[in-house]
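# Secondary and tertiary structure notes
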Amino acid sequence: MSAAEASGPHPAIRCSDVSYRYPSGQPRSGGEDAVRGIDLTVARGARLGVLGPTGGGKTTLMKLLLGLLTPQSGVVEVLGGSPREARRRGRIGYVPQRSKASLAFPLSSRRVIEQGAKHALAPWKRTTPEITERVDRAIELTAVQEFADKPIGALSGGMFQRVLIARAMAPAPDVLLLDEPTVGVDAQGQARFAELMATLHRATGVTVVLVSHDLRAIAAGCDAVAVLSRELHIHEAPGGMTPELLAEVFHHDLAPMSEGEPHACGHEHGAHGGSGP
């Protein structure tokens, strides 16, 4: 079921008063909540960008949405159920940060994309015609045809990023989560990434949550931005995100923290949620 076909009373993502603290002894533990009091509602088909400083909780939020972490308080729902179940059913697509280790595997782009389409199959199961059709559709959507049979180690950063997005889209997910998708991609590649995300959204209606330090990536492909530094604040832009708006938002919400002042937010929370719906 594609995101365009998905319907129902539940939003794509709902977080209600979510807090998480890493257990003592773990690398990220520091005696404080990694995220706290997160209230977030992302409507189906929306495109949300998440900005924030290093250590501000972006990775933790992503893991909570994927069901890799369970909050100590509050509730996280994806499509009305648990994130873990949504991921198991292939309803969440995930694009991790680019990994040099991934490029070392002697796999073709098509085989990597096929891994995404076969998420629910045991490794020894044979590829079905339905899976082949999904792979072909993901390759077409992401314009990977020209290098579908090339080894991933021979691809440029922009090409490899397209393969990762195609792999995430192969199960026809309803929600697509992207973690720093333009890291290691040059300016031309970033422009192509923006075009690709617009194409995917038009074709599938997939709900997008994009975590990035790159204001341009968020300006090009998002309708709202969340600024996260342990706590979360949402800013709407019905007329479209611009680098200027994002720079102002980023400075407004994050500059006080670097100066040791309390976090302030003077923007109105919109339909996607925020702290105090």
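Read on for an overview of the structure.

Thresholds applied
- Residues numbered from 1 in each chain as written.
- Predicted model: local features only at pLDDT ≥ 70, side-chain atom pairs only at ≥ 80, totals over all residues.
- Heavy atoms only, no water.
- Pairing = 2+ DSSP bridges.
- Helix = DSSP H or I, 4+ residues; strand = E, 2+ residues; numbered from the N terminus.
- Axes fitted to C-alpha atoms, helices over the stretch in contact; angles between N-to-C directions.
- Contact = heavy atoms within 4.5 Å.
- Core = buried A, V, L, I, M, F, W, Y, C linked by side-chain atoms within 4.5 Å.
- Buried < 20%, exposed > 50% of the residue type's maximum accessible area, 1.4 Å probe, protein only.
- Expected span 1.5 Å × (residues − 1).
- Arc of directions from axis to C-beta.
- Phe/Tyr/Trp six-rings, centres within 6.5 Å; stacked < 30°, edge-to-face > 60°.

Moving on to the sheet that holds strand β7 (residues 207-211). Read across the sheet, six strands follow the order β5-β6-β7-β3-β8-β9 without closing on themselves; strand pairing throughout is mixed. Taken across any chain shown, the strands that pair with only one partner, and hence form the sheet edges, are β5 (92-95) and β9 (231-236). Each neighbouring strand pair of the sheet contributes to a mean axis angle of 20°, computed without reference to strand direction. Two elements, strand β8 (residues 224-229) and β9, share six bridges in a ladder whose sense is antiparallel. Paired with Val 225 across the bridge in β9 is His 235. Sheet strands touched by helix α1 (residues 58-66): β3 (47-51), β5, β6 (175-179), β7 and β8. Its angle to β6, the strand with the most contacts, is close to 155°.

What follows deals with the nonpolar core. Ile 113, Val 144, Ile 165, Leu 176, Leu 178 and Met 197 are the most contacted members of the largest nonpolar core, which has 36 residues in total. Those elements that provide at least two residues to this core are α4 (109-117), α5 (129-141), α6 (157-169), β6, α7 (187-204), β7 and α8 (215-221). With seven residues, the single largest contributor to this core is α6. With residues near it in sequence (within four places) discarded, Leu 176 still touches Gly 93, Tyr 94, Val 95, Ala 168, Met 169, Met 197, Val 206, Thr 207, Val 208 and Val 209. Leu 61, Val 76, Val 78 and Val 209 belong to the second-largest nonpolar core, a separate cluster that totals 34 residues.

Below, the discussion takes up the side chain of Arg 47. Residue position: Arg 47 is located in strand β3. Those residues in contact with Arg 47 that sit more than four places away from it in its chain are His 201, Val 208, Gly 221, Cys 222, Asp 223 and Ala 224.

Another point: α5. Given a rise of 1.5 Å per residue, 13 residues ought to cover 18 Å, and the 18 Å separating the end C-alpha atoms of α5 matches this to within 8%. Among the residues making up α5, those that are buried are Ile 131, Val 135, Ala 138, Ile 139 and Leu 141. What you see down the axis of α5 is that its buried residues fit within an arc of 165°, all on one side. Away from the buried face of α5 by more than 90 degrees, exposed residues Pro 129, Glu 130, Glu 133 and Glu 140 are located. A positive backbone phi angle near 55° is found at Ala 143, which sits one or two residues after α5.

In this section: the environment of Val 75. Take Val 75: it is sitting in strand β4 (residues 73-78). Here Val 75 falls in the partly exposed class, since its relative accessible area comes to 38%. Spatially, the C-alpha atoms of Val 75 and Leu 64 are 9.8 Å apart, while their sequence positions differ by 11 residues. When sequence neighbours within four positions are dropped, the list of residues in contact with Val 75 reads Arg 14, Cys 15, Ser 16 and Val 18.

This part takes up the packing of aromatic side chains. Under the criterion given, the structure shown has one aromatic pair. Ring geometry for Tyr 20 versus Tyr 22: centroids 4.9 Å apart, planes at 85°, classification edge-to-face. Using a relative accessible area of 7% as the deciding quantity, one classes Tyr 22 as buried.

Looking now at the sheet that holds β4. Across the sheet, which stays open at both edges, the three strands sit in the order β2-β1-β4 with antiparallel pairing between neighbours. The sheet is open, and its two edges are formed by β2 (35-42) and β4, each paired on a single side. With direction set aside, neighbouring strand axes in the sheet form an average angle of 15°. Pairing of strand β1 (residues 13-20) with β4, which is carried by five bridges, proceeds in the antiparallel orientation. Bridged to Ile 13 within β4 is Val 78.

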